[in-house]
Amino acid sequence: MTPADATSPAENANIDGTSAPQDLTDGFHLIIDALKLNGLNTIYGVPGIPITDFGRMAQAEGIRVFSFRHEQNAGNAAAIAGYLTKKPGICLTVSAPGFLNGLTALAHATTNCWPMILLSGSSEREIVDLQQGDYEEMDQLAIAKPLCKAAYRILHAQDIGIGVARAIRAAVSGRPGGVYLDLPAKLFGQVMDAAAGAKSLVKVIDPAPKQLPAPDAVERALEVLKGAKRPLIILGKGAAYAQADDTLREFVEKSGIPYLAMSMAKGLLPDDHPLSAGAARSLALKDCDVVMLIGARLNWLLSHGKGKQWGTEPKKIVQIDIEPKEMDSNLEIAAPIVGDIGSCVAALLDAMGSDWRATYPEWTATVREKAESNIAKMAPRLMNNNVPMDYHGALGALKPIIKAHPDTILVNEGANTLDFARSIIDMYKPRKRLDVGTWGVMGIGMGTAIAAAVETGQKVLAVEGDSAFGFSGMEVETICRYNLPVCVIVFNNNGIYRGTDVNPTGGPDVAPTVFVKDARYDIMMQAFGGVGVNATTPDELSRAVNEFLASGRPTLINAVIDPQSGTESGRIGNLNPQSVVSKK
Ligand code: ADP
Ligand code: TPW
Ligand code: MG
């Protein structure tokens, strides 16, 4: 089919010489049909020229269309939808500014290896390319390209099927990532014969094919594990993404190797599993002799595998990853296994046979003892009833609630609020902890909470620093509008890290990290018909969360936290550059 066919007139000559209306379709409908054909039934976006009618038609055709207040939040929703479902999350934006607002989330999805497609309307190519000042003029394809895994533009209605198929396959195959799909305004209105249109659509077959590991790579890895005295498994969010939960658990248990879960991998095996080294992290990293990375990168979150945290003894590293280039990125990998985690772990289990014996009883006992003693040390702090609450008191109230409701999804961002919640709140099931990811980005909160509720149907607790919340706070209206079972808990310590800084000049401006004192974020939720609660004690906090879990109503709890109780940058203050000029 040529472009001319796509815009052929609505009338066709019949055999008897009369003319009858031809059945037509257009760009709007072909995009919708292409998404639906591939099981993509949810769109997160913000309407406007040229995609307003597209959103309306998508809704009319049975796609769930969630309208946000800012594209970045819609994008973050799409990104986490991709992580949770292994299908690309779809974000829809208008041209130039809307596109740019969505782009941060597309880059975030790519950085985190999550599949997402940013569909963006764009302005007239002829005018944009001559830079003649079109409405919302921008060369969006060029801008998106370096920030995502792949970027495509569809110019003709008959290419929509292939364009959407390419986007899907690029997003989910191999190492997943974000894909940009540029949809110029003119595309939407292009008409073509309906039957030809239907034929042009592509249902992507096996979009993320299994990637089996080479048998010798599996053998090499087992040899390394056999030679280990103090092995450690590190589970990353790639392992959680892979949804090979049972195979992975069988492997950990059969191997008898203690494991650490990276932030979003918490719960892949329950945090209270006897092999969990979570509460003995320092000891486990320092003293292990073999490390097995499963869907985790040796990036800054693991100090690149170097430094004090890793002790003095050199480690042998086994790594499972779908991306071959990840191997040796920071350190030599003694046994790389390239493939998808489900297939790789299954192959390891197979090759281990039935006579594999875990031979590290002393090591597992040492790790276990350390974990238990750390947990016991922490326990009294979590029971404290200080007013105003400190992080331990407030999180101590939330910890047993998550234990009693392990299907609840925990969204978490902030600095202290993030770091304390990660270490204090145990997770019991896979993909229940959703947070700031590889970049440590603030602003994922409400988009993530909304998509988590939509995609899983579970109740969501979003534990948010007051600063973190502010980046996406307006979406509480969205939560109320769609009546989603989301409870936002704002850990309100009057600012970023701590609400106690002072302006050294004595001038009227507060310090850059300080917010309005004693703000009442709960009242924001009430403005939109949700439940707002001000909680000043652990008891009040528990009660409010339990009421939410019973009702499922949109709720925001303003949890008043002692402004003194945080530390600079939470647990990563060491990353702040220091001034060498002495302070006067
Ligand atoms: P974390 O931050 O939890 O340590 P990362 O995001 O750094 O995790 O690492 C995730 C890794 O998982 C990436 O290197 C990615 O290529 C890999 N990955 C993602 N999905 C799969 C899969 N299905 N099979 C194998 N590896 C995967
Ligand atoms: C997009 C820098 C890291 S953490 C944080 C900021 C601004 C907020 C910490 O305060 P909060 O938590 O949320 O109140 P708490 O408990 O410590 O008081 N912009 C982006 N991402 C990041 N990471 C920042 C800024 C930052
Ligand atoms: Mg704060």
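Calculation criteria
Residues numbered from 1 in each chain as written. Chains lettered and ligands numbered in written order. Predicted model: local features only at pLDDT ≥ 70, side-chain atom pairs only at ≥ 80, totals over all residues. Heavy atoms only, no water. Pairing = 2+ DSSP bridges. Helix = DSSP H or I, 4+ residues; strand = E, 2+ residues; numbered from the N terminus. Axes fitted to C-alpha atoms, helices over the stretch in contact; angles between N-to-C directions. Contact = heavy atoms within 4.5 Å. Near = heavy atom within 4 Å. Polar contact = N/O pair within 3.5 Å; in protein donor to acceptor, adjacent residues only side chain to side chain. Areas by Shrake-Rupley, 256 points an atom, 1.4 Å probe, with all protein chains shown as cover. Nonpolar A, V, L, I, M, F, W, Y, C, P; charged D, E, K, R; others polar. Buried < 20%, exposed > 50% of the residue type's maximum accessible area, 1.4 Å probe, protein only. Donors = N, O, S within 2.8 Å, 3.2 Å for Na, K, Ca; no water. Core = buried A, V, L, I, M, F, W, Y, C linked by side-chain atoms within 4.5 Å. Salt bridge = Lys/Arg side-chain N within 4 Å of Asp/Glu carboxyl O.

Attention shifts here to the sheet that holds strand β8 (residues 150–153). Taken in spatial order, the six strands make up an open sheet running β5-β4-β6-β7-β9-β8, and their pairing is parallel. The open sheet terminates on both sides in strands that have one partner only, identified here as β5 (64–67) and β8. Here the strands of the sheet are splayed against their neighbours by 20° on average, with no regard to which way each runs. Sheet analysis places strand β4 (residues 42–45) next to β5, joined by four bridges and oriented parallel. Looking at β5, one finds that Thr42 is bridged to Arg64. Helix-sheet contacts for helix α3 (residues 52–60) involve β4, β5 and β6 (89–93), and the interaxial angle to β5 is about 140°.

For the rest of this paragraph, the subject is the site of ligand 2. Surrounding ligand 2, one finds 17 residues, the nearest of these being Tyr391, Asn416, Thr417, Gly440 and Asp466. Between ligand 2 and Ala415 there is a distance of 3.3 Å, counted from an oxygen atom to a backbone nitrogen or oxygen. Contacts to ligand 2 include Ala468, whose backbone N or O atom sits 2.9 Å from an oxygen atom. Summarising the interface, the protein chains cover 77% of the accessible area of ligand 2, which totals 590 Å² for the free molecule. Residue contributions to the shell around ligand 2 peak at three residues, all from helix α20 (residues 466–470). For the shell around ligand 2, the residue count by class is eight nonpolar, eight polar and one charged.

Checked against the element boundaries, Ser120 lands in strand β7 (residues 116–122). Residue classification places Ser120 among the buried residues on the basis of a relative accessible area of 0%. Side chain to side chain, Ser120 and Gln140 meet in a polar contact 3.4 Å long. The residues contacting Ser120, other than those within four sequence positions of it, are Thr93, Val94, Ser95, Phe99, Gln140, Tyr180, Leu181, Asp182 and Leu183.

The amide bond that connects Ile49 to the next residue, Pro50, takes the cis arrangement and shows omega of 5°. By the secondary structure assignment, Pro50 is in the loop between β4 and α3. Between Val387 and Pro388 the backbone carries a cis peptide bond, its omega angle lying at -5°. One can find Pro388 in the loop between α16 (361–382) and α17 (391–404). Despite not being glycine, Asp206 shows a phi value in the positive range, around 50°. Position of Asp206 relative to the elements: it lies in the loop between α10 (194–200) and α11 (215–226). Judged by relative accessible area, Asp206 falls into the partly exposed class, the value being 44%. Within the chain, Asn483 stands out as a residue other than glycine whose phi angle is a positive 50°. By the element assignment, Asn483 lies in the loop between α21 (476–481) and β19 (486–492). A residue is classified by how much of its surface remains accessible, and Asn483, at 53% relative accessible area, is exposed.

Turning our eyes to something else, we now look at the site of ligand 1. The full set close to ligand 1 counts 20 residues, and Arg175, Lys237, Arg297, Asp321 and Ile341 are the nearest of them. Lys237 places a side-chain nitrogen or oxygen 2.7 Å from an oxygen atom of ligand 1. Ile341 is positioned with one of its backbone polar atoms (N or O) 2.9 Å from a nitrogen atom of ligand 1. Taken by itself ligand 1 offers 580 Å² of open surface, and the protein chains cover 97% of this. When residues of the shell around ligand 1 are assigned to their parent elements, the largest contribution, four residues, is made by helix α12 (residues 237–242).

Glancing now at the coordination of the magnesium ion (ligand 3). Ideal values differ by geometry: the angle at a metal is 109.5 degrees with four tetrahedral donors, but 90 or 180 degrees with six octahedral donors. Within the protein, Asp466 (OD), Asn493 (OD1) and Gly495 (O) serve as the donor atoms for the magnesium ion (ligand 3), at 2.0 to 2.1 Å. Of note, the donors binding the magnesium ion (ligand 3) are all from one chain and are spaced D-x26-N-x1-G. In this pair, Asp466 is assigned in helix α20 and Gly495 in the loop between β19 and α22 (521–527), connecting sequence segments 29 residues apart. You'll find Asp466 and Gly495 in the same group, each marked buried.

Ranked by internal contacts, the top residues of the largest apolar core, which has 115 residues, are Tyr44, Ile234, Phe251 and Ile294. Here this core gets eight residues from one element, more than from any other, and that element is helix α4 (residues 71–85). Contact partners of Tyr44, with chain neighbours within four places excluded, come to Phe66, Phe68, Ala74, Ala77, Ala78, Ala81, Ile90, Cys91, Leu92, Ala451, Val454 and Glu455. In terms of nonpolar packing, the next biggest core, distinct from the first, is built from 38 residues, Ile31, Leu35, Ala58 and Ile90 among them.

On the secondary structure map, Arg433 appears in strand β17 (residues 433–435). At 3.1 Å, the side chain of Arg433 and the side chain of Asn412 are in polar contact. With residues up to four places along the chain from it excluded, the contact list for Arg433 reads Ser263, Met264, Lys266, Leu410, Asn412, Leu418, Ala421, Arg422 and Met427.

Following the criterion strictly, the structure yields 25 salt bridges and no others. Arg125 is paired through a salt bridge with Asp139; the nearest N and O atoms lie 3.9 Å apart. Taken together, the residues span a long stretch of sequence, with Arg125 in helix α6 (residues 125–129) and Asp139 in the loop between α6 and α7 (140–144) at a distance of 14 residues. Relative accessible area serves as the criterion here: at 35%, Asp139 is assigned to the partly exposed category. A salt bridge links Asp407 to Lys432, with the nearest nitrogen and oxygen atoms 3.8 Å apart. One end of the pair, Asp407, is in the loop between α17 and β16 (409–413); the other, Lys432, is in the loop between α18 (416–424) and β17, with 25 residues separating them in the sequence. Accessibility expressed as a relative area gives 30% for Asp407, which makes it partly exposed.

Scope: geometric values only; no functional claims are made or implied.
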